[in-house]
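Close look at the chain arrangement
Residue-level listing of the chains:
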Amino acid sequence: MTEKRHIAPARGRLGVLVVGYGAVGTTLMAGTMLVRRGLGRPIGSLTQMGTIRLGKRTEGRVPAIKDFVPLADLGDVVFGGWDIFPDSAYEAALKASVLRREHVDAVREELEALRPMPAVFSREYVRRLDGPNVKKGASWWDLGQQLVEDIERFRRDNHCDRLVLIWCASTETFLAEGPQHQDLAALEAAMKANDPAVPPSMVYAWAALKTRTPFINGAPNLTVDVPAVMDWAAAEKVPIAGKDFKTGQTLMKTILAPGLKARLLGLLGWYSTNILGNRDGEVLDDPGSFKTKEESKLSVLATILQPDRYPDLYGSFHHVVRINYYPPRGDNKEGWDNIDIFGWLDYPMQIKIDFLCRDSILAAPVALDLVLFMDLAQRARMGGVQEWLSFYFKSPMVARGLYPEHDLFIQLTKLKNTLRYLMGEDLITHLGTEYYGYFDEK
Ligand SMILES: NC(=O)c1ccc[n+]([C@@H]2O[C@H](COP(=O)([O-])OP(=O)(O)OC[C@H]3O[C@@H](n4cnc5c(N)ncnc54)[C@H](O)[C@@H]3O)[C@@H](O)[C@H]2O)c1
């Protein structure tokens, strides 16, 4: 056993500041309210339903995760946040039409009380959207100060002991890392100069760190994935995590690809296409926003399959990802995958997947777990990039120079081992008593 790490207790209220009262944001809020009233079950949430094995298999110690680590109670969670539309969370949830009306109506009063604060927004970064609930300011720097005031006001008014901020807003247009992102002085100078290398999401991230608020990036934007923010977060012991919630097609990819790799089946090509009709689909119809998403979705296979190490099997596969905006589907996306594989003596085979999923139903438990684990991380004084939460992201952030781990099962082992480490329990590698073929490669 290792020594248990000191973790401050989850006393008092946890404020959850949501950027974006859209499909994911409102499904997270309404879902949490329904669960805490016993009107719905938190399916898909590790913090609410997961267990963790401790010690040897013969010991029979398998507590619920929420009984093992000191997580905030859902009853102590208070929501707030920002959107470019002034709709309350109730109106926004109805418009997003992820949840049925009876579910939204069951928590109507609570949702109606949630009015979004005016957002930091610019159409330069999300071309398909425009809304009236937007702050005015002379520069990104000025707007950042206004966000800091919002955060501090929210903390005071809601008597919050701790806060977490989660980006559930639209995908911004593609931005590459530049000199403006290398250190905090350069970033702040760029904010003061209104530099286009600073997107709105980075202004929220700056305000979060300024107020020592953990920041989660649910979209594929650059946002906190730059040295300036990563180094600052590590130095100030503020947890950050990203990017892009792992749901839908990419979730399936990171479940299936490790299996193909484990059995050393070759891959010729993986063609993925989606139809999606919600506002996210409309935003992603813009080539700039789509490029940000595409980069995030494409990175997955190469890291799992390691073409450098297995050139005969994975040296030259074609990977194509398409998203088509198709309004009749709303949030109920359909994702098709055609996978061309080959086996013994190079005989070809095909796998077809048709996943009729509900994007935000898959994303909400991910968002809830991230909020609760990021609050835990801060109370355990774990600052900087929280790699152990890679399990939840399509493009997991990692310390500079490392490659991200995409294999869902390795990610889960890493997450649970981090919890064991925090609580002073032995880490479980499964080696010795159990054997998972793909473990020895990494
Ligand atoms: N639904 C999923 O399963 C899923 C999975 C992975 C990632 N994501 C990402 O999560 C984000 C949200 O997805 P969604 O389906 O809820 O989209 P959505 O379009 O329903 O909601 C986004 C909301 O963000 C608001 N917004 C945009 N820019 C803003 C800003 N600067 N400040 C405040 N509010 C702003 C919009 O007005 C909108 O209400 C998207 O970036 C999406 O790519 C979603």
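In the block above lies the structure referred to throughout.
What counts as what
- Residues numbered from 1 in each chain as written.
- Predicted model: local features only at pLDDT ≥ 70, side-chain atom pairs only at ≥ 80, totals over all residues.
- Helix = DSSP H or I, 4+ residues; strand = E, 2+ residues; numbered from the N terminus.
- Buried ≥ 20, exposed ≤ 12 C-beta atoms within 10 Å, placed from the backbone.
- Pairing = 2+ DSSP bridges.
- Contact = placed C-beta atoms within 7 Å.
- Axes fitted to C-alpha atoms, helices over the stretch in contact; angles between N-to-C directions.

1. A word on unusual backbone geometry
- In this structure, lysine 243 follows glycine 242 across a cis peptide bond, with omega equal to -15°.
- Among the structural elements, lysine 243 can be located in the loop between β6 (239-241) and α11 (248-262).
- A positive phi angle, close to 50°, is found at leucine 264, a residue other than glycine.
- With respect to the helices and strands, leucine 264 occurs in the loop between α11 and β7 (266-276).
- Of the residues examined, leucine 264 has 12 C-beta atoms within 10 Å and is grouped as exposed.

2. Quick notes on the pairing of strand β9 (residues 334-342)
- The pairing of β7 with β9 spans nine bridges and is antiparallel. Bridge assignment links asparagine 274 to a residue of β9, and that residue is glycine 335.
- Looking at chain direction, β9 and strand β10 (residues 348-356) are connected through nine bridges and run antiparallel. Of the residues in β10, the one forming a bridge with aspartate 337 is isoleucine 353.

3. A word on the sheet that holds strand β2 (residues 77-83)
- The seven strands are arranged β3-β2-β1-β4-β5-β6-β11 in an open sheet whose pairing can be described as parallel. Lying at the two open borders of the sheet, with one neighbouring strand each, are β3 (117-118) and β11 (384-385).
- Taken together, the six bridges between strand β1 (residues 13-19) and β2 define a ladder with parallel strand orientation. Its bridge partner lying in β2, glycine 15 is registered against valine 78.
- In this fold helix α9 (residues 200-210) packs onto β1, β4 (160-167) and β5 (215-217), with an angle of close to 160° to the strand it touches most, β4.

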